[in-house]
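Coordinate analysis (summary)
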Amino acid sequence: MRKELLPGEQVITITRQQARSLFFPVLAFIVVPAVAAYACAWVIKGNAQRLVPFISTEWTPWLVGACVVLAAWLLLAYSIKRVLKWRSIRYTLTSRRILARYGMFRRNDWQISLAAIRHVEVHQSLLQRTLHSGNISLDTGHSGTALLADVPEVGKFRGFILDALDELPQGEVFEGELLGDYEELPWELREGG
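A short tour of the structure in this document, coming up. (Residues numbered from 1 in each chain as written. Predicted model: local features only at pLDDT ≥ 70, side-chain atom pairs only at ≥ 80, totals over all residues. Heavy atoms only, no water.)

One open sheet accounts for three strands, arranged β5-β6-β7; its pairing is antiparallel. Both edges of this open sheet fall to β5 (119-123) and β7 (145-152), since each of them pairs with a single strand only. The sheet shows a mean angle of 20° between the axes of neighbouring strands, direction not considered. Taken together, the six bridges between strand β6 (residues 133-139) and β7 define a ladder with antiparallel strand orientation. Along β7, the bridge assignment pairs S133 with P152. Across the sheet, helix α5 (residues 154-166) touches β5, β6 and β7, and the angle it forms with β6 is around 25°. (Pairing = 2+ DSSP bridges. Helix = DSSP H or I, 4+ residues; strand = E, 2+ residues; numbered from the N terminus. Axes fitted to C-alpha atoms, helices over the stretch in contact; angles between N-to-C directions. Contact = heavy atoms within 4.5 Å.)

Next up, the structure:
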C-alpha cells in the first residue's frame, strides 16, 4: 500500500465487506465434515449392505472414498471459494481518495478522488441495520456514482469520509497542484465556447 500513496497522502482506514456473508460457508465448513464422518461410519458398519443388498463388503473402501471426495469437493467449491471472495474485497480511505480493490487472481481496482465527491449516501436493509453495516453511494457529479457494498460500521466509515472531505484544502486539485481560481486552469480545460 505504501507504494501506491501519493506524496503527503495518509491512510485513514482499511476495511473489508461485512463478514455476514461468511455465515453459511462457515456453517457448511462445520456440518459437511460431520455429515461425511457419519456417512463413512454408517458405510463401515455395514448399513450400506443392508440398505442395498447387491453391495458387497468390497465396495466399502470405494463408498468411504466417495464420501470423503464429495465432502472435500463441497468444502472447496462452496466454503473456501466464498471465504477467498470475501478476503479479496478491500476498501481503503486515504486523506485524498477512496480505493476499492476486488479479486485475487483477476484484480479490479477503482479509485475516486475525495475532491470529486459531491454527495455521500448510506443505504441499509433491516439486516444491515442490525449488523451496523450498509452500502455507501458516492456521487461524483457528471461521471456517475460509485458503490461501496456492505461496509461494516457504515456510520463510522461515512464519518471518516466526511471528516476527510472537510480536511481537504479549498479549491480543485489538478495534477497534484492546488488551483484556487478558474483563470488558473489551462485554456483547453475551461468550459465554454
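After that view of the structure, there is still more to cover.
The subject of this paragraph is unusual backbone geometry. Not every positive phi belongs to a glycine, and H132 is a case in point at roughly 60°. Relative to the assigned elements, H132 resides in the loop between α4 (126-130) and β6. Accessibility expressed as a relative area gives 48% for H132, which makes it partly exposed. Residues other than glycine seldom take positive phi values, yet E153 does so here, at roughly 50°. Position of E153 among the secondary structure elements: in the loop between β7 and α5. Taking the relative accessible area as the measure of exposure, E153 reaches 40% and is therefore partly exposed. (Buried < 20%, exposed > 50% of the residue type's maximum accessible area, 1.4 Å probe, protein only.)

Attention now goes to the pattern of salt bridges. What the rule picks out here adds up to three salt bridges. Put simply, D150 and R20 hold a salt bridge, and the shortest N to O gap is 3.2 Å. Separated by 130 residues along the polypeptide, D150 in strand β7 and R20 in the loop between β1 (11-15) and α1 (23-44) bring together distant segments of the chain. Owing to a relative accessible area of 11%, D150 belongs among the buried residues under this scheme. Residue R20 is classed as partly exposed on the basis of its relative accessible area, which comes to 33%. (Salt bridge = Lys/Arg side-chain N within 4 Å of Asp/Glu carboxyl O.)

Turning next to the sheet that holds β1. An order of β1-β2-β3-β4 is seen for the four strands of this open sheet, with the pairing classed as antiparallel. Only two strands of the sheet have a single partner each, and these edge strands are β1 and β4 (108-113). Taken pair by pair, the neighbouring strands of this sheet meet at an average axis angle of 10°, ignoring direction. Pairing of strand β3 (residues 97-102) with β4, which is carried by six bridges, proceeds in the antiparallel orientation. Across the sheet, the residue bridging to R101 is D109, located in β4.

Time to look at the packing of aromatic side chains. Inspection of the entire model under this criterion finds two aromatic pairs. A ring pair is formed by F23 and F24, whose centres lie 5.1 Å apart and whose planes are at 75°; its orientation type is edge-to-face. When sorted by exposure, F23 lands in the same class as F24, which is exposed. Ring centres of Y91 and Y102 lie 6.3 Å apart, and the angle between their planes is 75°; on these two criteria the pair is classed as edge-to-face. Of this pair, Y91 sits in strand β2 (residues 90-94) while Y102 sits in strand β3, and the two are 11 residues apart along the sequence. (Phe/Tyr/Trp six-rings, centres within 6.5 Å; stacked < 30°, edge-to-face > 60°.)

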